[in-house]
Amino acid sequence: HVGIVGPNGIGKSTLIKTLMERLPAKGGHFHFGHQIDLGYFDQDFAQLNSNQSVIDTLWDEYPELDQTELRNTLAAFLFTQDEVFKEVKSLSGGEKVRLALALLMLSHDNVLLLDEPTNHLDIPAKEALEKALKDYDGTILFVSHDRMFLKKMATRIMEMGKESHVYEMGYEEYIEKKKEGTLPKQNQQKKESPEIKNEPKERALTFAQEKNYRNRIAKLETLLEEAEKDLESLRELRYEPEYYQDYRKMEELDSQIDEKHNEIANYTKEWEEKMLALEDK
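Let me begin by describing the structure that accompanies this report.

What counts and how
- The written sequence of each chain sets the order in which its residues are numbered from 1.
- With pLDDT at 70 or above as the cut-off, local features in this predicted model cover only qualifying residues; side-chain atom pairs require 80 or more to be listed or tallied, and sums for whole chains, interfaces and linings still use all residues.
- Excluding hydrogens and water, the side-chain figures rest on all heavy atoms present in the structure.
- Think of it this way: DSSP has to see at least two bridges between two strands before they count as a pair.
- Starting at the N terminus, helices and strands are each numbered in turn, a helix being any DSSP run of H or I of at least four residues and a strand any DSSP run of E of at least two.
- Angles run from 0 to 180 degrees between N-to-C directions of axes, and those axes are lines fitted to C-alpha atoms, restricted for helices to the stretch in contact.
- Working rule for contacts: check all heavy atoms of both residues, and any pair within 4.5 Å makes them a contact.
- Polar contacts here mean pairs of N or O atoms no more than 3.5 Å apart (in protein, one a potential hydrogen donor and the other a potential acceptor; neighbouring residues in sequence count only if both atoms are side-chain atoms).
- An angle below 35 degrees is read as roughly parallel, one above 145 as roughly antiparallel, one from 65 to 115 as roughly perpendicular, and any other as oblique.
- By the definition used in this description, the sense in which the near helix is turned from the far one sets the handedness, with an anticlockwise turn below a right angle giving left-handed and a clockwise turn giving right-handed.
- Amino acids outside the nonpolar list (Ala, Val, Leu, Ile, Met, Phe, Trp, Tyr, Cys, Pro) and the charged list (Asp, Glu, Lys, Arg) are all regarded as polar, and Gly is one of them.
- Each Phe, Tyr or Trp ring, with Trp reduced to its six-membered ring, pairs with another whose centre is within 6.5 Å; inter-plane angles below 30 degrees give stacked pairs, above 60 give edge-to-face pairs, and intermediate values give tilted ones.
- For the exposure calls, accessible area comes from a 1.4 Å probe over protein chains only, and a residue counts as buried if that area is under 20% of its type's maximum, exposed if over 50%, partly exposed in between.
- Charge-over-ring contacts are defined here by two conditions on Lys NZ or Arg CZ: a distance within 6 Å of the ring centre and an angle within 35 degrees of the ring normal.
- Space inside and on the surface of the protein is sampled on a 1 Å grid over the protein atoms alone, with a cavity defined as a set of points where a 1.4 Å probe fits but cannot get out and a pocket as an open set with protein on both sides within 12 Å along at least 5 of 7 lines; lining residues have an atom within 4 Å of a point.
- Grid points are joined across faces, edges and corners, and a volume is the space filled by probe spheres set on the points.
- Grouping buried Ala, Val, Leu, Ile, Met, Phe, Trp, Tyr and Cys residues that are joined through side-chain atoms within 4.5 Å yields what is termed a nonpolar core.
- Multiply 1.5 Å by the residue count of a helix minus one, and that product is the helix's expected span.

1. Considerations on the sheet that holds strand β5 (residues 156-159)
Hydrogen bonds between backbone atoms are what pair the strands of a sheet, whose relative direction is either parallel or antiparallel.
Piece 1. Taken in spatial order, the 6 strands line up as β2-β3-β4-β1-β5-β6 in an open sheet, and their pairing is mixed. Every other strand in the sheet has two partners, leaving β2 (38-41) and β6 (165-167) as the edge strands with one partner each. Here the strands of the sheet are splayed against their neighbours by 15° on average, with no regard to which way each runs.
Piece 2. Where β2 and strand β3 (residues 111-115) come together, 4 bridges link them in parallel fashion. Among the inter-strand pairings, Gly-39 is bridged to a residue of β3, identified as Leu-112.
Piece 3. Each of β2 and β3 is contacted by helix α4 (residues 93-106), which is oriented at about 180° to β2, the strand it contacts most.

Spelled out as structure tokens, the structure:
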């Protein structure tokens, strides 16, 4: 289960789309092994819209399955009882994501390429996805900015930057070693011209700046953990009668959730920028 990480705009989603041949390769080449069946998910794929019911959408794709099998799959993605008869066009964004993921799980592909699969998912839906993926015995290559999802799902990390590397470790170990500057070095084949071979490398950061960056990174990680806990608490309030029975309170809650998402995004962007600066020191 390979988690792809790196600064915004570095090309993580572009890589996934290139592997799926949704975009032409900008260079290089890739090759999949024999008998590889690819499953793909992104947010565009989740924009399902039809007059069909939820269960009929699955039945059209997998007519050989009986109703019990389909309902069991839908239940795993939190569609229970009469919810399976809801029209797809009436589903919320999060419900459409869950339906798209249920379709993907039924495909039984042995390689999954996932682009931000937890976007728009509340806590129960995210937990359902995590359970489905933990039980999945194939290969997963996924892009995510969700640190908790990365911690739970990634068994390897592919870091994209000026140079890209794959590290044989989970996300928490990767973050710890990156902070310490102890990530394993990987073989690189670089050709240096004789004229510059022995020139000392100019230091991008002073020692004082480097210390400040490391302190700020540690602070940002604390802020991110606190913000992620706050976000989970806010999401849980959606299931309280005080909120779901009061339209105005629910609107205010959704606004708070959006603000918390933006706060996390800003912290994450600054964290990525400072980590990248330390790499270049």
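On we go from here.
2. What about the environment of Ser-107?
Piece 1. Inspection of the secondary structure assignment puts Ser-107 in the loop between α4 and β3.
Piece 2. Note: C-alpha distance between Ser-107 and Met-153 (46 residues apart in sequence) is 20 Å.
Piece 3. Reaching out from Ser-107, the side chain makes a polar contact with the backbone oxygen of Leu-104 at a distance of 2.5 Å.

3. Considering the packing of helix α2 (residues 54-61) against α4
Piece 1. One way to put it is that α2 packs onto α4 with a least axis distance of 11 Å and a crossing angle of 30°. It follows that α2 is roughly parallel to α4 by the angle criterion. As for how α2 packs across α4, the hand of that crossing is right-handed. Contact residues: Val-54, Thr-57, Leu-58 and Glu-61 in α2; Leu-99, Leu-103 and Leu-106 in α4.
Piece 2. Residue composition of the contact of α2 with α4, grouped by class: 5 nonpolar, 1 polar and 1 charged.

4. Quick word on the packing of aromatic side chains
Aromatic ring pairs are reported here in terms of the distance separating the ring centres and the angle at which the planes meet.
Piece 1. Tallied over the full model, the rule gives 4 aromatic pairs.
Piece 2. A ring pair is formed by Tyr-167 and Tyr-174, whose centres lie 5.9 Å apart and whose planes are at 35°; its orientation type is tilted. Each member of the pair, Tyr-167 as well as Tyr-174, is classed as buried.
Piece 3. Relative accessible area serves as the criterion here: at 3%, Tyr-174 is assigned to the buried category.
Piece 4. Three or more aromatic residues link up through ring pairs in this structure, and these residues are Tyr-167, Tyr-171 and Tyr-174.
Piece 5. Positioned over the ring face of Phe-79 is Arg-98, at 4.6 Å from the centre of the ring.

5. Considering the layout of surface pockets
Piece 1. Of the volumes computed, that of the largest pocket is approximately 980 Å³.
Piece 2. As for the largest pocket, its lining consists of 33 residues, of which Thr-118, His-120, Leu-121, Arg-235 and His-261 are closest to the centre.
Piece 3. Broken down by secondary-structure element, the contributors of at least two residues to the lining of the largest pocket are α4, α5 (123-134), α6 (147-153), α8 (207-236) and α10 (247-279).
Piece 4. The greatest single-element share of the lining of the largest pocket, amounting to 7 residues, is contributed by α10.

6. Here's the deal with the side chain of Glu-95
Piece 1. Within the secondary structure, Glu-95 is located in helix α4.
Piece 2. A polar contact is formed between the side chain of Glu-95 and the backbone nitrogen of Ser-92, at a distance of 2.8 Å.
Piece 3. Beyond its immediate stretch of four places on either side in the chain, Glu-95 contacts Phe-79 and Lys-86.

7. Some words on the nonpolar core
Piece 1. In this structure, Leu-74, Leu-99, Leu-133 and Tyr-174 are the most contacted members of the largest nonpolar core, which totals 61 residues.
Piece 2. At 9 residues, α4 tops the list of elements feeding residues into this core.
Piece 3. If we ignore the near neighbours within four places in the chain, the residues touching Leu-74 are Val-54, Ile-55, Leu-58, Phe-79, Val-84, Leu-99 and Ala-102.
Piece 4. Membership of the second largest hydrophobic core comes to 12 residues, among which are Met-20, Leu-113, Leu-141 and Met-158.

8. Thoughts on α4
Piece 1. Here α4 is 14 residues long and its end C-alpha atoms lie 20 Å apart, about the 20 Å a rise of 1.5 Å per residue gives.
Piece 2. Of all 14 residues in α4, 13 are buried, a share of seventy percent or more.

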